[in-house]
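Here is what each chain is made of, one letter per residue.
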Amino acid sequence: MALFETLVVVLGVALFGALAVFAKTRLFPLGEDEEPREDVAEYIAMMVSVLYAVVLGLCLVSVWDTRSDAADNVQAEASALHQTYLLADALPAAQRQPMRDAARAYADHVVGVEWPRMAEREQLDPSGWQLLEQLRKAGEVGDSAKVPEQIAAQEILAQLGYIDDARRGREAAAQERLSPVLWTGLLIGGALTLAFMFLFGIRRSATHVVMVMGLSGFIAFTVLLIHQLDAPFGETLGASPDAFTRYFG
(Lines give C-alpha, C1' and ligand atoms only; values in the text may rest on other atoms or scores of the structure.)
Protein backbone atom coordinates (compact mmCIF):
# COMPACT_ATOMS: atom_id res chain seq x y z
CA MET A 1 0.00 0.00 0.00
CA ALA A 2 1.46 3.33 -1.07
CA LEU A 3 1.85 6.31 1.22
CA PHE A 4 -1.03 8.19 -0.43
CA GLU A 5 -3.37 5.21 -0.02
CA THR A 6 -2.33 4.88 3.62
CA LEU A 7 -3.11 8.54 4.28
CA VAL A 8 -6.48 8.18 2.56
CA VAL A 9 -7.39 5.20 4.76
CA VAL A 10 -6.25 6.95 7.96
CA LEU A 11 -8.17 10.14 7.11
CA GLY A 12 -11.21 8.10 6.12
CA VAL A 13 -11.24 6.29 9.47
CA ALA A 14 -10.75 9.60 11.32
CA LEU A 15 -13.64 11.22 9.43
CA PHE A 16 -15.83 8.20 10.13
CA GLY A 17 -15.06 8.64 13.83
CA ALA A 18 -16.01 12.30 13.60
CA LEU A 19 -19.33 11.44 11.94
CA ALA A 20 -19.99 8.88 14.66
CA VAL A 21 -19.47 11.58 17.30
CA PHE A 22 -21.91 13.91 15.56
CA ALA A 23 -24.45 11.09 15.25
CA LYS A 24 -24.06 10.19 18.91
CA THR A 25 -24.46 13.76 20.16
CA ARG A 26 -27.53 14.26 17.93
CA LEU A 27 -29.28 11.00 18.74
CA PHE A 28 -28.22 10.58 22.38
CA PRO A 29 -27.57 14.05 23.86
CA LEU A 30 -26.64 14.41 27.51
CA GLY A 31 -29.36 15.53 29.84
CA GLU A 32 -28.96 18.59 32.00
CA ASP A 33 -28.68 16.52 35.18
CA GLU A 34 -26.56 13.74 33.65
CA GLU A 35 -23.03 13.28 34.92
CA PRO A 36 -20.45 13.95 32.20
CA ARG A 37 -18.22 11.11 33.43
CA GLU A 38 -18.54 7.93 35.42
CA ASP A 39 -15.59 6.69 37.45
CA VAL A 40 -16.24 3.01 36.74
CA ALA A 41 -16.47 3.54 32.98
CA GLU A 42 -13.33 5.65 33.07
CA TYR A 43 -11.44 2.96 34.95
CA ILE A 44 -12.57 0.23 32.55
CA ALA A 45 -11.68 2.38 29.55
CA MET A 46 -8.21 2.94 30.99
CA MET A 47 -7.70 -0.80 31.50
CA VAL A 48 -8.86 -1.56 27.95
CA SER A 49 -6.46 1.07 26.61
CA VAL A 50 -3.54 -0.37 28.57
CA LEU A 51 -4.30 -3.92 27.44
CA TYR A 52 -4.69 -2.74 23.86
CA ALA A 53 -1.32 -0.99 24.06
CA VAL A 54 0.20 -4.31 25.16
CA VAL A 55 -1.38 -6.11 22.19
CA LEU A 56 -0.16 -3.38 19.82
CA GLY A 57 3.36 -3.64 21.17
CA LEU A 58 3.35 -7.42 20.89
CA CYS A 59 2.12 -7.28 17.29
CA LEU A 60 4.69 -4.66 16.30
CA VAL A 61 7.56 -6.58 17.90
CA SER A 62 6.44 -9.81 16.24
CA VAL A 63 6.18 -8.44 12.70
CA TRP A 64 9.31 -6.30 13.05
CA ASP A 65 11.39 -9.29 14.21
CA THR A 66 10.17 -11.33 11.24
CA ARG A 67 10.97 -8.52 8.84
CA SER A 68 14.43 -7.99 10.39
CA ASP A 69 15.22 -11.71 10.23
CA ALA A 70 14.17 -11.74 6.56
CA ALA A 71 16.48 -8.81 5.76
CA ASP A 72 19.36 -10.44 7.65
CA ASN A 73 18.90 -13.70 5.74
CA VAL A 74 18.85 -11.87 2.42
CA GLN A 75 22.06 -10.01 3.26
CA ALA A 76 23.78 -13.20 4.46
CA GLU A 77 22.70 -15.13 1.35
CA ALA A 78 23.81 -12.40 -1.05
CA SER A 79 27.15 -11.90 0.73
CA ALA A 80 27.95 -15.62 0.70
CA LEU A 81 26.98 -15.84 -2.97
CA HIS A 82 29.27 -12.91 -3.76
CA GLN A 83 32.14 -14.55 -1.91
CA THR A 84 31.52 -17.70 -3.94
CA TYR A 85 31.67 -15.64 -7.12
CA LEU A 86 35.00 -14.11 -6.09
CA LEU A 87 36.49 -17.45 -5.04
CA ALA A 88 36.00 -18.70 -8.59
CA ASP A 89 39.27 -16.95 -9.45
CA ALA A 90 41.14 -19.54 -7.38
CA LEU A 91 39.58 -22.55 -9.13
CA PRO A 92 41.10 -24.32 -12.13
CA ALA A 93 40.84 -22.20 -15.28
CA ALA A 94 38.21 -24.43 -16.88
CA GLN A 95 35.84 -24.02 -13.92
CA ARG A 96 36.10 -20.32 -13.27
CA GLN A 97 33.59 -19.02 -15.81
CA PRO A 98 31.02 -21.82 -15.21
CA MET A 99 31.21 -21.01 -11.50
CA ARG A 100 30.62 -17.30 -12.13
CA ASP A 101 27.78 -18.06 -14.52
CA ALA A 102 26.12 -20.36 -11.99
CA ALA A 103 26.37 -17.73 -9.25
CA ARG A 104 24.90 -15.04 -11.49
CA ALA A 105 22.12 -17.35 -12.68
CA TYR A 106 21.19 -18.05 -9.06
CA ALA A 107 21.12 -14.34 -8.19
CA ASP A 108 19.03 -13.52 -11.27
CA HIS A 109 16.58 -16.27 -10.35
CA VAL A 110 16.20 -14.97 -6.79
CA VAL A 111 15.57 -11.39 -7.90
CA GLY A 112 13.55 -11.96 -11.05
CA VAL A 113 11.54 -15.08 -10.22
CA GLU A 114 11.44 -15.71 -6.50
CA TRP A 115 11.09 -12.16 -5.21
CA PRO A 116 7.71 -11.43 -6.86
CA ARG A 117 6.42 -14.78 -5.61
CA MET A 118 7.58 -14.07 -2.06
CA ALA A 119 5.92 -10.64 -2.18
CA GLU A 120 2.65 -12.41 -3.02
CA ARG A 121 3.27 -15.10 -0.37
CA GLU A 122 3.35 -17.84 -3.00
CA GLN A 123 5.24 -21.06 -2.50
CA LEU A 124 8.63 -21.22 -4.20
CA ASP A 125 9.27 -24.04 -6.65
CA PRO A 126 12.36 -26.30 -6.41
CA SER A 127 14.17 -24.51 -9.27
CA GLY A 128 16.09 -22.32 -6.84
CA TRP A 129 17.46 -25.36 -5.04
CA GLN A 130 18.36 -26.91 -8.37
CA LEU A 131 20.39 -23.82 -9.27
CA LEU A 132 22.10 -24.01 -5.90
CA GLU A 133 22.98 -27.64 -6.59
CA GLN A 134 24.44 -26.62 -9.96
CA LEU A 135 26.48 -24.01 -8.13
CA ARG A 136 27.75 -26.67 -5.76
CA LYS A 137 28.75 -28.98 -8.61
CA ALA A 138 30.50 -26.13 -10.42
CA GLY A 139 32.74 -25.62 -7.38
CA GLU A 140 33.88 -29.23 -7.08
CA VAL A 141 37.48 -30.05 -7.98
CA GLY A 142 39.20 -33.39 -8.50
CA ASP A 143 42.00 -34.96 -6.52
CA SER A 144 44.47 -33.84 -9.16
CA ALA A 145 43.80 -30.15 -8.40
CA LYS A 146 46.53 -28.09 -6.80
CA VAL A 147 46.49 -27.43 -3.07
CA PRO A 148 45.39 -23.75 -3.41
CA GLU A 149 42.57 -24.87 -5.71
CA GLN A 150 41.44 -27.51 -3.23
CA ILE A 151 41.50 -24.92 -0.44
CA ALA A 152 39.39 -22.59 -2.58
CA ALA A 153 36.94 -25.43 -3.26
CA GLN A 154 36.61 -26.07 0.47
CA GLU A 155 35.96 -22.39 1.11
CA ILE A 156 33.35 -22.37 -1.66
CA LEU A 157 31.68 -25.36 -0.01
CA ALA A 158 31.57 -23.46 3.29
CA GLN A 159 30.03 -20.41 1.60
CA LEU A 160 27.45 -22.63 -0.07
CA GLY A 161 26.50 -23.89 3.38
CA TYR A 162 25.84 -20.28 4.44
CA ILE A 163 23.75 -19.76 1.30
CA ASP A 164 21.77 -22.90 2.08
CA ASP A 165 21.01 -21.81 5.66
CA ALA A 166 20.12 -18.24 4.64
CA ARG A 167 17.89 -19.49 1.85
CA ARG A 168 15.95 -21.72 4.23
CA GLY A 169 15.48 -18.76 6.55
CA ARG A 170 14.33 -16.57 3.65
CA GLU A 171 11.79 -19.13 2.52
CA ALA A 172 10.48 -19.54 6.06
CA ALA A 173 10.19 -15.77 6.55
CA ALA A 174 8.24 -15.42 3.30
CA GLN A 175 5.51 -17.66 4.76
CA GLU A 176 5.42 -16.09 8.22
CA ARG A 177 2.17 -14.41 9.23
CA LEU A 178 0.97 -12.66 12.33
CA SER A 179 -1.10 -15.01 14.45
CA PRO A 180 -4.87 -14.81 13.80
CA VAL A 181 -5.29 -14.56 17.56
CA LEU A 182 -3.21 -11.38 17.61
CA TRP A 183 -5.11 -9.97 14.62
CA THR A 184 -8.38 -10.67 16.45
CA GLY A 185 -7.14 -8.93 19.58
CA LEU A 186 -5.81 -6.05 17.51
CA LEU A 187 -9.13 -5.38 15.75
CA ILE A 188 -11.41 -6.03 18.70
CA GLY A 189 -9.20 -3.98 21.02
CA GLY A 190 -9.20 -1.06 18.60
CA ALA A 191 -12.99 -1.18 18.30
CA LEU A 192 -13.41 -1.31 22.10
CA THR A 193 -10.97 1.52 22.64
CA LEU A 194 -12.90 3.73 20.23
CA ALA A 195 -16.25 2.63 21.62
CA PHE A 196 -15.28 3.73 25.11
CA MET A 197 -14.66 7.21 23.75
CA PHE A 198 -18.44 7.50 23.35
CA LEU A 199 -19.19 6.62 26.96
CA PHE A 200 -17.87 9.89 28.26
CA GLY A 201 -20.20 12.79 27.88
CA ILE A 202 -17.76 15.52 26.90
CA ARG A 203 -19.97 18.57 26.59
CA ARG A 204 -17.71 20.39 24.14
CA SER A 205 -18.46 18.51 20.94
CA ALA A 206 -15.50 20.05 19.09
CA THR A 207 -13.11 18.63 21.69
CA HIS A 208 -14.80 15.26 21.49
CA VAL A 209 -14.52 15.23 17.69
CA VAL A 210 -10.81 16.06 17.77
CA MET A 211 -10.11 13.37 20.35
CA VAL A 212 -12.00 10.67 18.46
CA MET A 213 -10.49 11.67 15.10
CA GLY A 214 -6.97 11.63 16.51
CA LEU A 215 -7.38 8.31 18.29
CA SER A 216 -9.16 6.54 15.42
CA GLY A 217 -6.67 7.84 12.85
CA PHE A 218 -3.70 6.76 14.94
CA ILE A 219 -5.17 3.30 15.54
CA ALA A 220 -5.84 2.94 11.80
CA PHE A 221 -2.26 4.00 11.03
CA THR A 222 -0.83 1.50 13.53
CA VAL A 223 -2.94 -1.36 12.17
CA LEU A 224 -1.86 -0.51 8.61
CA LEU A 225 1.77 -0.37 9.73
CA ILE A 226 1.46 -3.84 11.27
CA HIS A 227 -0.24 -5.08 8.10
CA GLN A 228 2.62 -3.78 5.94
CA LEU A 229 5.32 -5.20 8.21
CA ASP A 230 3.48 -8.52 8.25
CA ALA A 231 4.61 -8.94 4.64
CA PRO A 232 8.41 -9.42 5.08
CA PHE A 233 9.00 -9.07 1.33
CA GLY A 234 6.22 -6.62 0.51
CA GLU A 235 6.75 -3.64 -1.75
CA THR A 236 6.34 -0.90 0.86
CA LEU A 237 8.18 -1.94 4.04
CA GLY A 238 9.45 -5.39 3.15
CA ALA A 239 13.04 -6.47 2.67
CA SER A 240 14.39 -5.54 -0.76
CA PRO A 241 16.64 -7.50 -3.14
CA ASP A 242 19.20 -4.66 -3.15
CA ALA A 243 21.85 -6.93 -1.66
CA PHE A 244 21.67 -9.19 -4.72
CA THR A 245 21.40 -6.38 -7.27
CA ARG A 246 24.31 -4.55 -5.67
CA TYR A 247 26.62 -7.52 -6.14
CA PHE A 248 25.18 -8.92 -9.38
CA GLY A 249 23.34 -5.98 -10.94
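Scroll up a little and you will see the structure.
Residues numbered from 1 in each chain as written. Predicted model: local features only at pLDDT ≥ 70, side-chain atom pairs only at ≥ 80, totals over all residues. Heavy atoms only, no water.

Colleague: Got a sec to walk through the packing of helix α3 (residues 93–119) against helix α4 (residues 127–138)? Specific residues and values, please.
Modeller: With their axes 9 Å apart at the nearest point, α3 and α4 run at an angle of 165 degrees to one another. Put simply, α3 runs roughly antiparallel to α4. Considering the relative orientation of α3 and α4, their crossing is left-handed. Residues Q95, P98, M99, A102, A103, A105, Y106, H109 and E114 of α3 form the contact with α4, whose own contacting residues are S127, G128, L131, L132, L135 and A138. Considering only residue class, the contact of α3 with α4 consists of 10 nonpolar, 4 polar and 1 charged. (Axes fitted to C-alpha atoms, helices over the stretch in contact; angles between N-to-C directions. Helix = DSSP H or I, 4+ residues; strand = E, 2+ residues; numbered from the N terminus. Parallel < 35°, antiparallel > 145°, perpendicular 65-115°, else oblique. Left-handed = near helix turned anticlockwise from the far one by under 90°. Contact = heavy atoms within 4.5 Å. Nonpolar A, V, L, I, M, F, W, Y, C, P; charged D, E, K, R; others polar.)

Colleague: So what about the side chain of Q95? Which residues, and what values?
Modeller: Structurally, Q95 can be placed in helix α3. Only 3.0 Å separates the side chain of Q95 from the backbone oxygen of A138, close enough to count as a polar contact. Apart from residues no more than four positions distant in its own chain, Q95 is found in contact with A138, G139, E140 and V141. (Polar contact = N/O pair within 3.5 Å; in protein donor to acceptor, adjacent residues only side chain to side chain.)

Colleague: How would you sum up the nonpolar core? Please name residues and give values.
Modeller: Formed by 33 residues in total, the largest nonpolar core has its most connected members in L81, L135, I163, F233 and F244. Listing elements by their share of this core, those giving two or more residues are α2 (39–87), α3, α4, α5 (147–174) and α8 (242–248). Element by element, the count of residues in this core is highest for α3, at 8 residues. Grouped together as the second largest cluster of nonpolar side chains are 12 residues, C59, L182, L186 and I219 included. (Core = buried A, V, L, I, M, F, W, Y, C linked by side-chain atoms within 4.5 Å. Buried < 20%, exposed > 50% of the residue type's maximum accessible area, 1.4 Å probe, protein only.)

Colleague: Describe the environment of E77, and please don't skip the residues or the numbers.
Modeller: Within the element layout of this structure, E77 appears in helix α2. Ignoring any residue separated from it by four or fewer positions in sequence, one finds E77 in contact with Y106, V110, I163, A166, R167, R170 and F244.

Colleague: Any details on the pattern of salt bridges? Residues and values, ideally.
Modeller: Summed over all chains, the structure comprises 9 salt bridges. With a closest N to O distance of 2.9 Å, E133 and R136 form a salt bridge. Of the two residues, E133 and R136 both sit in helix α4, 3 residues apart, roughly one turn of that helix. Judged by relative accessible area, which is 33%, E133 ranks as partly exposed. Look at R136 and you get partly exposed, because its relative accessible area is 21%. Put simply, E171 and R167 hold a salt bridge, and the shortest N to O gap is 3.2 Å. (Salt bridge = Lys/Arg side-chain N within 4 Å of Asp/Glu carboxyl O.)

Colleague: How would you sum up the packing of aromatic side chains? Please name residues and give values.
Modeller: Inspection of the entire model under this criterion finds 2 aromatic pairs. Here Y85 and F248 contribute two aromatic rings whose centre-to-centre distance is 5.6 Å and whose plane-to-plane angle is 85 degrees, an arrangement assigned as edge-to-face. Residue Y85 is found in helix α2, and its partner F248 is found in helix α8; the two are separated by 163 residues along the sequence. Take F248: its relative accessible area is 5%, and that puts it in the buried class. Seen from their ring centres, W115 and F233 are 5.2 Å apart, and the 90 degrees between their planes marks the pair as edge-to-face. Taken as a pair, W115 in helix α3 and F233 in the loop between α7 (205–229) and α8 lie far apart in primary sequence, 118 residues in all. Across the pair, exposure class does not vary: W115 and F233 are buried alike. Above the plane of the ring of W129 lies R167, whose end atom (NZ or CZ) is 4.9 Å from the centre. Seen from the ring of Y247, R246 lies directly overhead, with NZ or CZ sitting 5.2 Å from the centre. (Phe/Tyr/Trp six-rings, centres within 6.5 Å; stacked < 30°, edge-to-face > 60°. Lys NZ or Arg CZ within 6 Å of the ring centre and 35° of its normal.)

Colleague: Provide a residue-level description of the environment of L58, including the pertinent values.
Modeller: Of note, L58 is situated in helix α2. Accessibility expressed as a relative area gives 49% for L58, which makes it partly exposed. Measuring from C-alpha to C-alpha, the distance between L58 and L186 comes to 9.9 Å, with 128 residues separating the pair along the chain.

Colleague: Tell me about helix α6 (residues 180–196), residues and numbers included.
Modeller: Every α-helix winds through 3.6 residues per turn, so residues three or four apart in the chain are directed the same way. Look at α6: 24 Å from first C-alpha to last across 17 residues, which is about the 24 Å you get at 1.5 Å a residue. The complete set of buried residues in α6 reads L182, W183, L186, G189, G190, T193 and F196. (Expected span 1.5 Å × (residues − 1).)

Colleague: Account for a negative patch on the surface, with residues named and values stated.
Modeller: Taken together, the side chains of D65, D69, D72 and E176 present a region of like negative charge at the surface. Relative to the elements of secondary structure, D69 occurs in helix α2. On the accessibility criterion, D69 (43% relative accessible area) is partly exposed. (Patch = residues over 30% accessible without salt bridge, like charges linked within 9 Å, V, L, I, M, F, W, Y side chains within 5 Å. Areas by Shrake-Rupley, 256 points an atom, 1.4 Å probe, with all protein chains shown as cover. Lys, Arg positive; Asp, Glu negative; His and termini not counted. Charge placed at Lys NZ, Arg CZ, Asp CG, Glu CD.)

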